[in-house]
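These are the residues of each chain, in order.
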Amino acid sequence: GEAIEKIGGTFSDGERGMSYNLILLDYQMPVLTGPEICLELNKLTRRRHYKNICPLIGYTAFTTASDLDYFVECGARVILEKPFTFAGFEDVVNRYMLKPHTS
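Quantities reported herein were computed from a predicted structural model and do not represent experimental measurements.

## Observations regarding the sheet that holds strand 3 (residues 78-81)
Part 1 of the argument: Within the open sheet, the three strands sit side by side as 1-2-3. Their pairing is parallel. The open sheet has two free edges, formed respectively by strand 1 (23-26) and strand 3, since each of these has just one partner strand. Strand-to-strand, the axes of this sheet are offset by a mean angle of 30°, without reference to chain direction.
Part 2 of the argument: The strands touched by helix 2 (residues 34-47) are strand 1 and strand 2 (56-60); relative to strand 1, the strand with the most contacts, the crossing angle is about 140°.
Part 3 of the argument: Most of the contacts of helix 3 (residues 65-74) go to strand 3, to which it runs at about 145°, and overall it touches strand 1, strand 2 and strand 3.

## A closer look at helix 3
Part 1 of the argument: Buried within helix 3 we find L68, F71 and C74. Projected onto a plane normal to the axis of helix 3, the buried residues spread over an arc of 130° and lie on a single side. For helix 3, the exposed residues set more than 90 degrees away from the buried face come down to A65, S66 and E73.
Part 2 of the argument: Contacts from the buried residues of helix 3 go to strand 1, helix 2, strand 2 and strand 3.
Part 3 of the argument: Where helix 3 ends, the next residue or the one after it, G75, has phi of about 130°, a positive value.

## Description of the packing of aromatic side chains
Part 1 of the argument: Tallied over the full model, the rule gives four aromatic pairs.
Part 2 of the argument: Grouped by ring-pair contacts, the aromatic residues Y27, F62 and F71 constitute a single cluster.

## Brief notes about helix 2
Part 1 of the argument: The first and last C-alpha atoms of helix 2 sit 20 Å apart over 14 residues, in line with the 20 Å expected at 1.5 Å per residue.
Part 2 of the argument: Within helix 2, burial applies to G34, P35, C38, N42 and T45. The buried residues of helix 2 occupy one face: seen down the axis, they fall within an arc of 100°.
Part 3 of the argument: Contacts from the buried residues of helix 2 go to strand 1, strand 2 and helix 3.
Part 4 of the argument: Remark: H49 follows helix 2 within two positions and exhibits a positive phi of approximately 60°.

What counts, and at which threshold
Residues numbered from 1 in each chain as written. Predicted model: local features only at pLDDT ≥ 70, side-chain atom pairs only at ≥ 80, totals over all residues. Heavy atoms only, no water. Pairing = 2+ DSSP bridges. Helix = DSSP H or I, 4+ residues; strand = E, 2+ residues; numbered from the N terminus. Axes fitted to C-alpha atoms, helices over the stretch in contact; angles between N-to-C directions. Contact = heavy atoms within 4.5 Å. Buried < 20%, exposed > 50% of the residue type's maximum accessible area, 1.4 Å probe, protein only. Arc of directions from axis to C-beta. Phe/Tyr/Trp six-rings, centres within 6.5 Å; stacked < 30°, edge-to-face > 60°. Expected span 1.5 Å × (residues − 1).

Shown next, in the form of structure tokens:
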């Protein structure tokens, strides 16, 4: 949230029914991986007949072409490689979060 607020955006933890303009997912997380969450969110979107989903942005320390391709195939729009720079993160936010999204 701090990085988003630093460039003038807002951050919410979602507990108040907020909608999101961007979802940032790490590849490796404790319960589901980032790619698994991408797949699940896309299934939910289709099942509920939503027109689109906010951009799913992946980040990872796994930098082999197959890992990066897999994350994108699962639904991530762009992948930030760790350690990512503030400038790289700001570029992604400017491209995806601050503009309307379409599928």
